[in-house]
Amino acid sequence: MSLVFPFTAIVGQDEMKRALLLCAVDPRIGGVLVLGDRGTGKSTAVRALAALLPPMSAVVGCPYGCDPKTSNPCEQCRAQRAAGNTPLKSAKVPVPVVDLPLGATEDRVVGALDLERALTKGEKAFEPGLLGRANRGFLYIDEVNLLEDHLVDVLLDVAASGENVVEREGISVRHPARFVLIGSGNPEEGELRPQLLDRFGLSVEVRTPTELKSRVEVVRRRDAFERDPAGFVEQWRKTDAKVRRQIDAGRNQLESVQVPDSALEQGARLCIALGTDGLRGELTLLRTARALAAFEGASQVTDSHLQRIAVSALRHRLRRNPLDESGSDIRVERAMSEVFA
Amino acid sequence: MIDPRWQQALGAAALFAVNPSRLGGVVVRAAPGPVRDAWLEALTKLLGPGTPIRRIPPQVPDSRLLGGLDLTATLHAGRPVAERGLLAEADGGVVIVPMAERMGAGTAGRLAAVLDAGEVRVEREGIASCWPARIAVIALDEGLETEDRPPIVLMDRLALWIDLEGISPRHLDPGPWDVSAVAEARAAQASFEAQAFDADASDAIEALCRVADAIGVDSPRPVIAAVRAARVAAALEGRSEVAEDDVALAARLILGPRATRIPPPAESPQSSESSEPQEASQSSEPTEPPESSASAESFEAASPPSPSDPGQPDLSDPDQAPDSIDDGKPLAEVVLEAVRSALPPGLLAQATDPRKTRSGASAQQRSGRVGAVRTDPRRGRPNGTVRGDPRRGPRLDLVATLRAAVPWQRMRRRDGSPTRVEVRTDDFRVVRRVQRATTTTIFVVDASGSAALNRLAEAKGAVELLLAECYVRRDRVALVAFHGQNAELVLPPTRSLVRARRSLAGLPGGGGTPLAAGLDVGGAVADTVRRQGDSPLLVVLTDGRANIGRDRQPGRPRAEADALLAAQHWRAEGYAALLVDTSPRSHPAAQALALAMGARFLPLPYADSSVLSSAVKASVSGSLGAGRHRHGHTHADVHPQVRV
């Protein structure tokens, strides 16, 4: 296995790193859209995240990696349970981070008949696709703006429902497909469809560092990694492990974090001030703030948590205002300074 | 006599050949012809026999590029057989892409993913595979226009950019490197790496970052590539440590061609001037011994030898202003000097043309070429097949459908059907089509004051001329007029000449100049147009002297400030725009406005609807990335005006 660049060794890009970590703490935040300049480590960060995540416990032999304790298992696990094989045998496995390569065809994404078995034995059997493999993990699409529309539709549908339904060739399969969708892209290479934008929980913008010092550091670390990957990974092992423990602690604490009424109100006020459509913005705002509080070991959500994640949670939900020339970041900041005054 | 640029191109080939996949590739800008062929031949020789080289035809289908199901072998073997695509076949070698400037974003994205991962991941047609593909890409850029370039996703990952344009095919000397020198360097580098021998290159890294900063190279990828290239250059010299020359060479070959701004002046300007001839005289010495020392000789930066001082550079000085970059930074200085001679010609013009600055470039891309492609089931050119239902409109692709049905026959026969080929709904493959988005030209016309009336007539004339051609190109035209206190959309986007004539005929004029209101309405129309999937182009006819603000109150300072804000909004949105200064004597206000909106500026003191119409046409094709510069006539008077 080739070594990946350690997550904590990524220079700067704090907003992107935080968004990814918070989705790891609470997958219900609804994914991250990473937009930005070339060569800013978008893909590197996602691949690094895969190596950073604490392992999860999964039913042995389950194609979807079901949680042995889940209330919503796949058909196979359900049958096992019904047969009284409880508790199901489970093992610690790495959290899946599945790459959706460009050029993937629909049958491999949603799953289709097993070609091998159809050819050799003439049997109908379902072979899970990438969505099945990504269950309980992350699904990463680099250059999301280049993905074909019909695939985007499927992905969004499944990501929202948490379930993949395949009707094909007389077989009918439904299986859990709960994953965090991570998309990355460069707006210069093609605009994203607006429907796609607000389906992502968070949206972060990454820019190339302008300061010489951090640019030198970026190149230096990359060079060090290339020359001695094992040594470099070892050097960052401790800091990576610390973040991993923090994710774990955050997950355990998530349910006990209090969201006071004042925070709910502030969130609502912020969304009203910005005129965001629907409730999705508010929900994401609060979930993300709670995940941040849990990640930092706080017992309740405060204004500071809201303030730090508001831009990521809201910037892609604003309507374009022809009379306001400022960018969406500035508009969110401005609304915040009014609401949190 | 040998062209130093040819020498440099050969040097790049040698550097690349030592470790192709580490440098990502080469962008070769040249028309097809003997020079390019000679370079490719030289490169092939340097790569050595046995290196896989594959050419990618334009519009290559995914099944060939990435791989997929080999249907013949599958049917023969009775089990799924995967077929490697071109990229996997080229593992350990080089992929050549002709006409790279015409490459679509999709292909570029696929190549970029493979370059990054060093493997091809395929999830297609029932096949899930991963093949090693440590490849490098040679992108043959045949674009005629400066902006006709391969997709930036790809260019960013290909370290070396060379330009063979204008090199005489008569003296194509084979160059001092041969395949054994390259092989030696390859072995040397491998052994240095195995022994962890190649020492830390902090000074080189810092120098390269400083240079990238000074010449406006933003992406970190080229800098990382330059560090790698410096190591390769050292290996080519048989050195284990990166020397000053290696860094200078790497910077010149990799950072130089990417410069987007002129570096701050050096302390000794004469050295940069003397650099070229000196270099030429050096490289033209035919008696030079080959291999080992040759690369240093032919690339020797002609800057004065300054003491290399590895212990000195300190990072603790972040406030270093660009113009003080030379203070006590010998390496960065030397390298910058070397790069200076390799700066692309015409950089000054580019740097001062606001449309080509960063935001300008992105605006241009957004306005047409890349983003605005529409898929419609029945129109446009075919672009592959997808699973689908022919009853909903698209055409059935019979061959693809049969291909899709064939592997399942055995299973289906078991279901009790006869022996004929059985095709089911799931197999249906339909032709997917893509269509270029059309352009909607939005005229925003100053109809204030009595003097503006003839300008209005002129705009009407230009609109009609454009409309006459629009029918052919399927473009649309809209007209916003502002006068008195308001701006209104006189002619909503239309393709209909009759309708346009009718609404233009009754257009009134006179009154104040609510410029900001006009720009706001124009921007709103552009936004709608873009949402419909068209590319907007805004053409403003005004003298830039607003006197009615957004609050509809008279007052020049307030009104002009409002207009500037509205103009900045256009720029932020990235609308392609052309500002026609209609005043008899050009006024700075109009130029300032053009700069603020990122528009091209065209002073047009005399009413002439045919000149206007051709300028707009030039902008339309320019905003679509196809040759703004061909229409030099109007540009000649544009550029000097913009350089303020």
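Residues numbered from 1 in each chain as written. Chains lettered and ligands numbered in written order. Predicted model: local features only at pLDDT ≥ 70, side-chain atom pairs only at ≥ 80, totals over all residues.

(A) A look at the overall build of chain A. Within chain A, the secondary structure is distributed over 14 helices and 11 strands. Looking at chain A as a whole, 49% of its 341 residues qualify as buried. Of all intrachain contacts in chain A linking residues separated by at least 6 positions in sequence, the fraction that spans at least 24 positions is 74%. (Helix = DSSP H or I, 4+ residues; strand = E, 2+ residues; numbered from the N terminus. Buried ≥ 20, exposed ≤ 12 C-beta atoms within 10 Å, placed from the backbone. Contact = placed C-beta atoms within 7 Å.)

(B) Up close: the packing of helix α9 (residues 212-227) of chain A against helix α11 (residues 220-236) of chain B. Running from N to C, α9(A) and α11(B) cross one another at 50°; their axes reach a closest spacing of 10 Å. Between α9(A) and α11(B), the crossing angle belongs to the class labelled oblique. Handedness of the α9(A)/α11(B) crossing: right-handed. Note on element contacts: α11(B) touches α9(A) through P220(B), V223(B), I224(B) and V227(B), opposite R215(A), V218(A), V219(A), R222(A) and D223(A). (Axes fitted to C-alpha atoms, helices over the stretch in contact; angles between N-to-C directions. Parallel < 35°, antiparallel > 145°, perpendicular 65-115°, else oblique. Left-handed = near helix turned anticlockwise from the far one by under 90°.)

(C) Representation of the interface of chain A and chain B in the model. Every contact between the two is made by 52 residues of chain A and, on the other side, 62 residues of chain B. At the level of elements, α4 (106-110), α5 (115-120), α7 (149-161) and α9 of chain A are the ones that each hand at least two residues to the side of chain A that touches chain B. In terms of residues, the side of chain A that touches chain B owes the most to one element, α9(A), which gives nine residues. Looking at the side of chain A that touches chain B, its residues break down into 16 nonpolar, 10 polar and 26 charged. (Nonpolar A, V, L, I, M, F, W, Y, C, P; charged D, E, K, R; others polar.)

(D) Spatial organisation of the sheet that holds strand β17 (residues 576-581) of chain B. Residue and element names in this part refer to chain B. Strand order in the open sheet formed by six strands is β15-β14-β13-β16-β17-β18, with mixed pairing between adjacent strands. Single-partner strands in this sheet number two, and they are β15 (486-494) and β18 (600-603). Each adjacent strand pair in this sheet contributes to an overall mean axis angle of 15°, direction not counted. Where strand β14 (residues 476-483) meets β15, six bridges bridge the pair, whose relative direction is antiparallel. Considered in β15, the bridge of H483 is made with N486. (Pairing = 2+ DSSP bridges.)

(E) Here's a closer look at the nonpolar core. Residue and element names in this part refer to chain B. Membership of the largest hydrophobic core comes to 196 residues, with the highest contact counts inside it found for L208, V211 and A229. Of all the elements, α11 adds the most residues to this core, at 12 residues. When residues no more than four places from it in sequence are discounted, the contact partners of L208 are V223, A226, V227, V247, A251, L255 and V335. Among the nonpolar cores identified, the runner-up in size contains 52 residues, and V444, V445, V540 and A567 belong to it. (Core = buried A, V, L, I, M, F, W, Y, C linked by C-beta atoms within 7 Å.)

(F) Molecular detail of helix α22 (residues 515-531) of chain B. In this model, α22(B) (17 residues) spans 24 Å end to end at C-alpha, consistent with the 24 Å of a helix rising 1.5 Å per residue. In the stretch just after α22(B), G533(B) is the one whose phi turns positive, near 95°. (Expected span 1.5 Å × (residues − 1).)

(G) Up close: unusual backbone geometry. At R136(A), a residue that is not glycine, the phi angle is positive and equals roughly 70°. Position of R136(A) relative to the elements: it lies in the loop between α6 (130-133) and β7 (138-141).

(H) Summary view of the confidence of the model for chain B. All names here are of chain B. Per-residue confidence for chain B averages 71 on the pLDDT scale, and 66% of its residues sit at or above 70. Between the elements of chain B, mean pLDDT differs from a low of 32, seen in helix α27 (residues 639-642), to a high of 92, seen in strand β5 (residues 94-97). In the predicted structure, residues 347-372 sits below a pLDDT of 50 and forms 60 contacts with residues beyond four places in sequence or in another chain. Note that pLDDT drops below 50 for residues 623-644; the model gives that stretch 47 contacts with residues more than four away or on any other chain. Among the scores for the predicted complex, ipTM is 0.83 and pTM is 0.68. (pLDDT = per-residue confidence, 0-100.)

(I) A look at the sheet that holds strand β1 (residues 25-29) of chain B. All names here are of chain B. Reading across from one edge, β2-β5-β8-β1-β9 is the order of the five strands in this open sheet, with parallel pairing throughout. The open sheet is flanked by β2 (53-55) and β9 (160-163), the only strands paired with a single partner. Sheet twist, expressed as the average angle between the axes of neighbouring strands with direction ignored, equals 15°. Bridge analysis of β5 against strand β8 (residues 136-141) gives four bridges, and the strand direction is parallel. By the bridge assignment for β8, I96 is matched with I138. Relative to β9, helix α1 (residues 4-18) is tilted by about 155°, and along the sheet it contacts β1 and β9.

(J) Representation of the packing of helix α23 (residues 556-573) of chain B against helix α24 (residues 588-597) of chain B in the model. Here α23(B) crosses α24(B) at 30°, and the two axes come no closer than 7 Å. Every residue of α24(B) that contacts α23(B) at E560(B), A563(B), L564(B), A567(B), Q568(B), W570(B) and R571(B) is listed here: A589(B), L593(B), A596(B) and M597(B).

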